[in-house]
Amino acid sequence: MKKQLFSILVLLIGLLIPFSVHAQQQRKKVGVVLSGGGAKGVAHIKALKVIEEAGIPIDYIVGTSMGSIVGGLYAIGYTPEQLDSMVRKQNWTFLLSDRIKRSSMSLTDRERSEKYIVSIPFTKNPKEIAGGLIKGQNLANLFSDLTVGYHDSISFNKLPIPFACVSANVVNGDQVVFREGVLSTAMRASMAIPGVFTPVRIDSMVLVDGGIVNNYPADVAKAMGADIIIGVDVQNVLKSANNLNSVPEILGQIIDLTCQTNHEKNVDLTDTYIRVNVDGYSSASFTPAAIDSLMQRGEEAARAQWDSLIALKKKIGISDDYVPKQHGPYSSLSNSRTIFVTKISFTGVETKDKKWLMKKCNLKEDSDITTQQIEQALFQLRGSQSYSSASYKLMHTSEGYHLTFMLEEKYEKRINLGIRFDSEEIASLLVNGTADIKTHIPSRLSLTGRLGKRYAARIDYTLEPMQQRNFNFSYMFQYNDINIYDKGDRAYNLTYKYHLAEFGFSDVWYKNFRFGLGFRFEYYKYKDFLFKKPELADLDIESEHFLSYFAQVHYNTYDKGYFPSKGSDFSASYSLYTDNMAQYNEHAPFSALKGSWASVIPVTRRFSIIPSIYGRILIGKDFPYPIQNAIGGEVYGLYIPQQLPFAGITNIELMNNSIMIASVKFRQRMGSIHYLTLTGNYGLTESNFFDILRGKQLYGISAGYGMDSIFGPLEITFGYSNRTDKGSCYVNLGYYF
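In this text the structure is predicted, and so the values were computed from the model without any measurement. (Residues numbered from 1 in each chain as written. Predicted model: local features only at pLDDT ≥ 70, side-chain atom pairs only at ≥ 80, totals over all residues. Heavy atoms only, no water.)

Student: Tell me what's going on with the overall build of the protein chain, and back it up with residues and numbers.
Tutor: Looking only at helices and strands, the protein chain has 15 helices and 37 strands in total. Every one of the 737 residues in the protein chain was classed for burial, and the buried ones make up 49%. Pairs at least 24 residues apart make up 63% of the contacts formed inside the protein chain by residues separated by at least 6 positions. Counting only carbon and sulfur atoms, one obtains 58% of the accessible surface of the protein chain, whose full area is about 35500 Å². (Helix = DSSP H or I, 4+ residues; strand = E, 2+ residues; numbered from the N terminus. Buried < 20%, exposed > 50% of the residue type's maximum accessible area, 1.4 Å probe, protein only. Contact = heavy atoms within 4.5 Å. Areas by Shrake-Rupley, 256 points an atom, 1.4 Å probe, with all protein chains shown as cover.)

Written as structure tokens, this is what we have:
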């Protein structure tokens, strides 16, 4: 009897299984289409959340531009909650640039980056033209981080949800649909906005943002096999003539018109069309407030189509209470999780460089490594300024992962531009041209010109036999027109020509510490005074030359060059001056010793205290006029190299042979880029350093407002000093040079 019942049960199961499979096969396939739209595309995330809540199964997902990013990540298992968190935590200003984290740059490169506001590459070879202002390095590396496990070239049909994205080939204008390949590369190609991001080159194709050929690719979803299409559209509605009254509005309309190709036809293919209201926002609206608002609008637009989504279930062939298989979450390699890396390799570099690169990246083979370590290694490689791009891929093997860094050596030519305005010199312009030269020993040629009240020209030729270790040959001519003050009153105007020839060696240790030494020739050729106070009628300054030896060290860990919120800075230099390489004025040479230390002490997230101490000492006798100590200004070397900053003094005041200064700053940050600073200085100056404690006392105070602008720091400072016995005001916009 039991055997008969068992046989009947098996028979019934056998009969029911085909009907069950047939029922599943009869369910219609659903495709979700996500349009392009830049920042507006974050609305897709909450729209996907609502689609999930409605119990709609998703069999295919297709996107263009930002829609390809959200769609690609969703396809590999990211949930709307994960995507929401990922989008909100990004520093979009940094991400949508090629900037390198300051902490990963060498001291030399930090100084260069905080001098110029514009850097433009140029080349005679058209193939070397980037094709966009931004290479998209930070964005591409983020895509690699987010798609760990999918770095191989694969069919996108094998993803948890089959995926496709659209790009445009500018060679012939054709639409290119990615159904296979490396996922991160496909996403990067789909959002390469022409003229903004560098195109992605694959074989003979030059690929840019797919929005110019198909910004709402419902037809692609149909071609993949979708029977039912749900579309989320974040494009702006075209404006009428009355609403096109400014250049930004017209440019925005042109972009929106470009994205209208095949739009109406694709909308007609859509069963449930979710149109998000994105009025007031553009493709660049990546501020936290805008992202929050756009996500909310995405959810509101999807919920407005709730009845349509529920009605689709019958059309799809599923019950009203149907619950699809849970999607995700994607278990990406997080910063706290590790993988075992058995092998590390580098492409695009010589084999002999691997040892140095491994040391710089601080990675080891046959060890556990986190994504955070890989990301830091990428910044280190790019921060070395030796590579124009650096990316990576992880390949899984039975023993562990193989980590490959893909590097492109940098042999670039660039024009750099700096500009600043201040209340003393009015306007100054700095123009620099730099070219990396393909020689047996890597080298660089740099030409720099400064225009303004004080103008200069400089040429540098640098040999770099090892990374960050170089020999530099330079020559500079400078014309100076400066006013010398005495106790707040202009004492005389000084014009002179300055010639400098220098040979130096420098090395960078652990990226924050640099030391250098070398030999320099200086010649000061003084002209007639344009102005002198009557009591200085007998003042006469002779032209003079020096042959000096120097050594210097610099350590810096500031998180920002201007308005730092953490870190320390220490520098020291020693120079031995002669006029014939052995003596000065037929007796022993004299020397100058200078040092400074400062540290930022964060008290709260917005308030910091910055104590510092600095000074300069002349050692020997018969100190010539060009080497005298001087104070004044907000930064070191404002007008002359040996000038030390002092609150309440905006011009040059000459000091005795020894000077020591203590300073403390209280800085309050308001918002993200605004600062209030209160500074107090106390100094001592005396002819003999050993009598410095009995020297003349100096003090000064200042209060100022500062802002991080796109042109560099904007500063307005009011101060008072007992040296001048009067108030002062100084205004500056731009990086100091």
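Student: How would you sum up the packing of aromatic side chains? Please name residues and give values.
Tutor: Tallying each qualifying case throughout the model produces 31 aromatic pairs. Considering the side-chain rings of Y216 and Y273, the 5.8 Å spacing of their centres and the 85° angle between planes classify their relative orientation as edge-to-face. With a gap of 57 residues between them, Y216 in the loop between β11 (205–209) and α9 (218–224) and Y273 in strand β13 (residues 272–275) connect regions that are remote in the sequence. On the basis of relative accessibility, which here comes to 1%, the residue Y216 falls in the buried class. We classify Y273 as partly exposed; its relative accessible area is 22%. With a centroid separation of 6.4 Å and an interplanar angle of 10°, the aromatic rings of F471 and F503 are classed as stacked. Residue F471 is located in strand β22 (residues 469–486), and its partner F503 is located in strand β23 (residues 489–509); the two are separated by 32 residues in the primary sequence. With a relative accessible area of 34%, F503 lands in the partly exposed category. Each residue in the set Y496, Y498, Y524, Y526, F546, Y577, Y584, F590, F623 and Y625 is aromatic and connected to the rest through ring pairs, giving one cluster. (Phe/Tyr/Trp six-rings, centres within 6.5 Å; stacked < 30°, edge-to-face > 60°.)

Student: Describe helix α7 (residues 137–146), and please don't skip the residues or the numbers.
Tutor: A large share of α7 lies buried, amounting to 9 of its 10 residues. Those residues of α7 lying buried are Q137, N138, L139, N141, L142, F143, S144, D145 and L146.

Student: Give a detailed account of the nonpolar core, specifying residues and quantitative values.
Tutor: One broad rule of soluble globular proteins: the nonpolar side chains tend to lie buried together. Judged by nonpolar contacts, the single largest core of 91 residues is most densely connected at F346 and F405. Per-domain counts for this core show at least three residues from each of domain 1 (30–98 + 136–316) and domain 2 (338–409). When sequence neighbours within four positions are dropped, the list of residues in contact with F346 reads K354, L357, M358, C361, L381, F405 and L407. Counting residues in each nonpolar core, the second largest holds 33 residues, with I482, F546, L638 and Y675 among its members. (Core = buried A, V, L, I, M, F, W, Y, C linked by side-chain atoms within 4.5 Å. Domains from an automatic or database assignment.)

Student: Lay out the environment of K487 with the relevant residues and their values.
Tutor: Considering the arrangement of structural elements, one finds K487 in the loop between β22 and β23. Accessibility expressed as a relative area gives 48% for K487, which makes it partly exposed. The sequence separation of K487 and T724 amounts to 237 residues, and the corresponding C-alpha distance is 4.4 Å. When near neighbours in sequence (up to four residues on either side) are disregarded, K487 contacts E653, R723 and T724.

Student: Kindly report on the confidence of the model for the protein chain, identifying the contributing residues and their values.
Tutor: In the predicted model, the protein chain carries a mean pLDDT of 87, and the fraction of residues at 70 or more is 90%. Under a pLDDT of 50 for its full length, residues 15–24 has, in the predicted model, 0 contacts with residues more than four places off or in other chains. (pLDDT = per-residue confidence, 0-100.)

Student: Account for the pattern of salt bridges, with residues named and values stated.
Tutor: Within the structure shown, the criterion is met by 23 salt bridges. For K46, the salt bridge identified is with D84, shortest N-O distance 3.5 Å. Of this pair, K46 sits in helix α2 (residues 43–53) while D84 sits in helix α4 (residues 80–89); the two residues are 38 residues apart in sequence, bridging distant segments of the chain. Relative accessible area serves as the criterion here: at 13%, D84 is assigned to the buried category. The network of salt bridges with shared partners includes K46, D84, R88 and D292. (Salt bridge = Lys/Arg side-chain N within 4 Å of Asp/Glu carboxyl O.)

Student: So what about unusual backbone geometry? Which residues, and what values?
Tutor: G328 connects to P329 through a cis peptide bond whose omega is -5°. Tracing the backbone shows P329 in the loop between α13 (306–316) and β14 (339–347). Positive phi outside glycine occurs at D203, with the angle close to 55°. Within the secondary structure, D203 sits in the loop between β10 (200–202) and β11.

Student: Go over the environment of D109, please, and point to the residues and values.
Tutor: Mapped onto the elements, D109 comes out in helix α6 (residues 107–113). By relative accessible area, D109 is classed as buried at 5%. Taking the C-alpha atoms as reference points, D109 and K511, separated by 402 residues in sequence, lie 9.8 Å from one another.

Student: If you had to explain the pairing of strand β6 (residues 163–169) to someone new, which residues and values would you point to?
Tutor: In terms of burial, β6 is largely enclosed, as 7 of its 7 residues are buried. Residue alternation in β6 divides its side chains into two sets, F163, C165, S167 and N169 and A164, V166 and A168, and both sets are buried. Relative to β6, strand β2 (residues 60–64) runs parallel, the two sharing 4 bridges. Among the inter-strand pairings, V62 is bridged to a residue of β6, identified as A164. Here β6 pairs with strand β7 (residues 174–178) via 5 bridges, running antiparallel. Residue pairing across strands places S167 opposite V176, the latter belonging to β7. Connecting β6 to the antiparallel partner β7 that follows it, the hairpin turn spans 4 residues, and G173 within it adopts a positive phi of roughly 80°. By the bridge criterion, 3 bridges tie β6 to β11 in an arrangement that is antiparallel. (Pairing = 2+ DSSP bridges.)

Student: Provide a residue-level description of helix α12 (residues 288–304), including the pertinent values.
Tutor: Between its first and last C-alpha atoms α12 spans 24 Å; for 17 residues at 1.5 Å apiece the expected length is 24 Å, and the two agree. Within α12, the full set of buried residues consists of A290, I291, S293, L294, M295, G298, E299, A301 and A302. Those residues of α12 hidden inside the fold are in contact with α2, α4, α5 (92–95), β13 and α13. (Expected span 1.5 Å × (residues − 1).)

Student: Quick one: what's the story with the packing of α2 against helix α3 (residues 66–75), residue by residue and with numbers?
Tutor: At a closest axis distance of 10 Å, the pairing of α2 and α3 adopts a crossing angle of 40°. Our classification of the angle between α2 and α3 gives oblique. Of the two possible hands of crossing, α2 and α3 adopt the one that is right-handed. For the pair α2 and α3, contact is made by H44, I45, L48 and E52 and by G67, V70 and Y74, respectively. (Axes fitted to C-alpha atoms, helices over the stretch in contact; angles between N-to-C directions. Parallel < 35°, antiparallel > 145°, perpendicular 65-115°, else oblique. Left-handed = near helix turned anticlockwise from the far one by under 90°.)

Student: Hey, could you go over the pairing of strand β20 (residues 443–451) for me, with residue numbers and the actual values?
Tutor: Where strand β19 (residues 426–437) meets β20, 9 bridges bridge the pair, whose relative direction is antiparallel. Looking at β20, one finds that L429 is bridged to L451. Between β19 and β20, which follow one another and run antiparallel, lie 5 residues. In this structure, β20 lies alongside strand β21 (residues 455–466), joined through 8 bridges in antiparallel fashion.

Student: Please give an account of a nonpolar patch on the surface that cites residues and values.
Tutor: Together, V118, I120, F122, I415, L417 and V431 give the surface a local cluster of nonpolar side chains, amounting to about 450 Å² of exposed area. At the level of secondary structure, the elements contributing two or more residues to the nonpolar patch comprise β3 (118–121) and β18 (413–422). Among the structural elements, V118 can be located in strand β3. Using a relative accessible area of 32% as the deciding quantity, one classes V118 as partly exposed. (Patch = residues over 30% accessible without salt bridge, like charges linked within 9 Å, V, L, I, M, F, W, Y side chains within 5 Å.)

Student: Just give me the short version of the packing of α4 against α12, but keep the residues and values in it.
Tutor: Across the interface, α4 lies against α12 with an axial gap of 10 Å and an inter-helix angle of 155°. The angle between the axes of α4 and α12 places the two elements in the roughly antiparallel class. Viewed along their axes, α4 and α12 form a crossing whose handedness is right-handed. Contacts from D84, V87 and R88 of α4 reach α12 at I291, D292 and M295. Residue composition of the contact of α4 with α12, by class: 3 nonpolar, no polar and 3 charged. (Nonpolar A, V, L, I, M, F, W, Y, C, P; charged D, E, K, R; others polar.)

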